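An overview of the molecular structure
Now for the letters of each chain:
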Amino acid sequence: MALLELQHTDISYGSSLTVKDFNLTMEQGEIVSIVGESGSGKTTVIRAVLGLLPGGGKVSGGDILFEGESLLKKSRDDMRKLRGSAISMIFQDSGAMMNPTRKIGSTFVEYILTHEKISKKDAWSKGVEMLERMRLPDGENVMKSYPFQLSGGMRQRVGIAMSMTYQPKLLLADEPTSALDVTTQAQIIRQFMELREEYGTSIIIVTHNLGVASYMADHLVVMKNGVVEDRGDREYMLHQSQHPYTKTLLDAVPSLGGERYV
């Protein structure tokens, strides 16, 4: 049984069809990348999986199955239990999703206490342990910091630590490196690869960068204007695809001395 299946999924905002006939089958431990420019519908797809479509958005056709069960038929409470435990999400700038007036520790402890009944002290220790697992030295100090006191890369690692606390089977990552400098991007991407190795986590990464996508993913899906234009494994997408839009995205990947680094 596949971990995740999107079957002929349509997503609409009001009477406007935003994503049309999206199909995806994903196995445990697989990394899939959805690639496309802004407005292509890629973020809408992963928000639909989590049941977090903003402003009246809804799945208007098809189905979304997680471990063989329809997510569209689950109650709000059931979806709330799934989020952060079996399925987690990382946003473009994790720091922007945190309350700037609260320290990391306060936010992290509250997150843990919504998922399990333990003491605040134990929740604090668990937070520190997760931060240090995600290569953040001195987790205690990070817990006592405000988001603005951390670099962009550190804030992303905090986001990854929170999302991996309960070792979800599926991690949804929405442009997780686009706000970072190139060196930090590479570190965060390596960290995602390690999550797959260590925990067997399946990952869907949404990005406009075909270079990042092809480095990480086993399978790539290229979207434009809410429709899948091209799909295939890394080898096919980089060397065999003749689709003009895929070629345009590939041409946008920076090269150095005639060598393209993907």
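Heads up: these notes are all about the structure in this document. Note that the coordinates shown come from a computational prediction; the quantities given were computed from them, not determined experimentally. (Residues numbered from 1 in each chain as written. Predicted model: local features only at pLDDT ≥ 70, side-chain atom pairs only at ≥ 80, totals over all residues. Heavy atoms only, no water.)

Remarks on the sheet that holds strand 5 (residues 69-70)
This is how the line gets drawn: Paired strands are those between which DSSP finds at least two bridges. Counting from the N terminus, the helices are DSSP H or I runs at least four residues long and the strands are E runs at least two residues long. The contact rule is simple, with two residues in contact once any of their heavy atoms fall within 4.5 Å. Note on geometry: axes are C-alpha line fits, over the in-contact stretch for helices, and angles between N-to-C directions span 0 to 180 degrees.
Spatially, four strands are ordered 2-1-4-5 in an open sheet, and the strand pairing comes out antiparallel. Only two strands of the sheet have a single neighbouring strand rather than two, namely strand 2 (16-26) and strand 5. Where strand 4 (residues 57-66) meets strand 5, two bridges bridge the pair, whose relative direction is antiparallel. Paired with Phe-66 across the bridge in strand 5 is Glu-69. Contacts from helix 1 (residues 42-50) reach strand 1 (4-13), strand 2 and strand 4 within the one sheet, and its direction differs from that of strand 1 by about 110°.

A few points about helix 10 (residues 244-251)
Because an α-helix packs 3.6 residues into every turn, residues spaced three or four apart end up facing the same way. The cut-off we apply is this: Relative accessibility decides the category of a residue: with a 1.4 Å probe and only protein chains considered, values under 20% of the type maximum give buried, values over 50% give exposed, and everything between is partly exposed. Taken from the helix axis, the directions to the C-beta atoms give the arc we talk about.
Within helix 10, burial applies to Tyr-245, Thr-246, Leu-249 and Leu-250. One face of helix 10 carries all of its buried residues, which in axial projection span an arc of 140°. Those residues of helix 10 that are exposed and aimed more than 90 degrees away from the buried face are Pro-244 and Asp-251.

Let's talk about the nonpolar core
We apply this condition: Nonpolar cores are built from buried Ala, Val, Leu, Ile, Met, Phe, Trp, Tyr and Cys residues. Side-chain atoms within 4.5 Å join them into one set.
With 47 residues, the main nonpolar core has Phe-108, Val-158 and Phe-192 as its most contacted residues. With near-sequence residues (within four places) excluded, Phe-192 lies in contact with Ile-90, Ile-160, Leu-171, Ala-173, Pro-176, Ile-203 and Met-216. Of all hydrophobic cores here, the second largest spans 31 residues; its members include Val-19, Phe-22, Ala-48 and Phe-66.

What to know about the sheet that holds strand 9 (residues 219-224)
The strands making up a sheet are joined through hydrogen bonds of the backbone, oriented either antiparallel or parallel. Spatial strand order, 6-7-8-3-9-10: six strands in an open sheet with mixed pairing. At either margin of the open sheet sits one strand with a lone partner, and together these are strand 6 (87-90) and strand 10 (227-233). The average undirected angle you get between the axes of adjacent strands in this sheet is 15°. Bridging between strand 6 and strand 7 (residues 170-174) involves four bridges; their strand directions are parallel. Within strand 7, the position partnered with Ile-87 by the bridge is Leu-170. Running over the sheet, helix 1 touches strand 3 (31-35), strand 6, strand 7, strand 8 (202-207) and strand 9 and is turned about 145° from strand 7.

Remarks on helix 1
Summarising burial for helix 1: seven of the nine residues are buried, a large majority. Every buried residue of helix 1 is accounted for by Lys-42, Thr-44, Val-45, Ile-46, Ala-48, Val-49 and Leu-50. Just beyond helix 1, the residue with positive phi is Gly-51, at close to 70°.

Quick notes on the pairing of strand 9
Note that strand 3 and strand 9 share four bridges and pair parallel. Residue pairing for strand 9: Ser-33 is matched across the bridge by Leu-220. In terms of strand pairing, strand 9 meets strand 10 through six bridges, oriented antiparallel. If you follow Val-221 over to strand 10, its bridge partner there is Arg-231. Connecting strand 9 to the antiparallel partner strand 10 that follows it, the hairpin turn spans two residues, and Asn-225 within it adopts a positive phi of roughly 50°.

Some thoughts on the pairing of strand 1
Where strand 1 lies against strand 2, seven bridges are found, and the strand directions are antiparallel. Counterpart to Leu-6 in the pairing with strand 2 is Leu-24. Turn length for the strand 1-strand 2 hairpin, with the two strands adjacent in sequence and antiparallel, is two residues, and the turn residue Gly-14 shows positive phi of about 65°. With eight bridges connecting them, strand 1 and strand 4 associate as antiparallel partners. Residue Glu-5 lies in a different strand from strand 4, and its bridge partner there is Leu-65.

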